[in-house]
Amino acid sequence: GCHLCEEARDMLDDIAAETAYELTEIDIRSDPDIFEQYRYRIPVIIINGETLLEGRIAYRDLARAFQPA
């Protein structure tokens, strides 16, 4: 029910056409601790354990996060 999360998921689907990755989605409502940690920050993109993006995410920023360093 989170439109920002849905937008991020759509962008991730587009990126998947060019870059292989494993996606793990977490419903923050399933765990009170996770809910408290992320409730005002969703969506949150974490890659290799590092929080890279959160909130309103632009496609260019998300695509850049998947580029090799």
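It should be emphasised that the depicted structure is a prediction, and the values quoted were computed from it without experimental measurement.

(A) Focus on the nonpolar core. Residues Ala8, Met11, Leu12, Ile15, Ile45, Ile47, Leu53, Ile57, Leu62 and Phe66 constitute the largest nonpolar core, which totals 10 residues. Mapped by element, the contributors of at least two residues to this core are helix H1 (3-16) and strand E1 (44-47). Sort the elements by how many residues they give to this core and H1 lands first, with four residues. Setting aside residues no more than four positions away along its own chain, Met11 makes contact with Ile57, Ala58, Tyr59 and Leu62.

(B) Representation of the confidence of the model for the protein. Here the protein averages 93 in pLDDT, while 99% of its residues score no lower than 70. Across the protein, helix H2 (residues 32-38) holds the top mean pLDDT of 96, while strand E2 (residues 50-54) sits lowest at 94.

(C) The pattern of salt bridges, seen in detail. Counted under the stated rule, the structure contains six salt bridges. We note a salt bridge from Arg29 to Asp27, for which the minimum N-O separation is 3.0 Å. The exposed category is assigned to Arg29, whose relative accessible area is 65%. Owing to a relative accessible area of 38%, Asp27 belongs among the partly exposed residues under this scheme. Note that Glu36 and Arg39 form a salt bridge whose closest N and O atoms lie 3.1 Å from each other. Counted as one network, the salt bridges with shared partners bring together Arg9, Asp13 and Glu25.

(D) Summary view of the pairing of E1. The two faces of E1 differ: Ile45 and Ile47 on one face are buried, but Val44 and Ile46 on the other face are not. Pairing geometry for E1 and E2, over four bridges, is antiparallel. Following the sheet pairing, Ile46 is matched in E2 by Thr51. Counting the residues that bridge the hairpin from E1 to E2 gives two residues, and of these Asn48 lies at a positive phi of roughly 50°.

(E) Representation of the packing of aromatic side chains. Following the criterion strictly, the structure yields one aromatic pair and no others. With a centroid separation of 5.0 Å and 50° between ring planes, the pair formed by Tyr21 and Phe66 is classed as tilted. Of the two residues, Tyr21 is situated in the loop between H1 and H2 and Phe66 in the segment after helix H3 (59-65); the sequence distance between them amounts to 45 residues. Residue Tyr21 is classed as partly exposed on the basis of its relative accessible area of 26%.

Criteria and thresholds
Residues numbered from 1 in each chain as written. Predicted model: local features only at pLDDT ≥ 70, side-chain atom pairs only at ≥ 80, totals over all residues. Heavy atoms only, no water. Core = buried A, V, L, I, M, F, W, Y, C linked by side-chain atoms within 4.5 Å. Buried < 20%, exposed > 50% of the residue type's maximum accessible area, 1.4 Å probe, protein only. Helix = DSSP H or I, 4+ residues; strand = E, 2+ residues; numbered from the N terminus. Contact = heavy atoms within 4.5 Å. pLDDT = per-residue confidence, 0-100. Salt bridge = Lys/Arg side-chain N within 4 Å of Asp/Glu carboxyl O. Pairing = 2+ DSSP bridges. Phe/Tyr/Trp six-rings, centres within 6.5 Å; stacked < 30°, edge-to-face > 60°.

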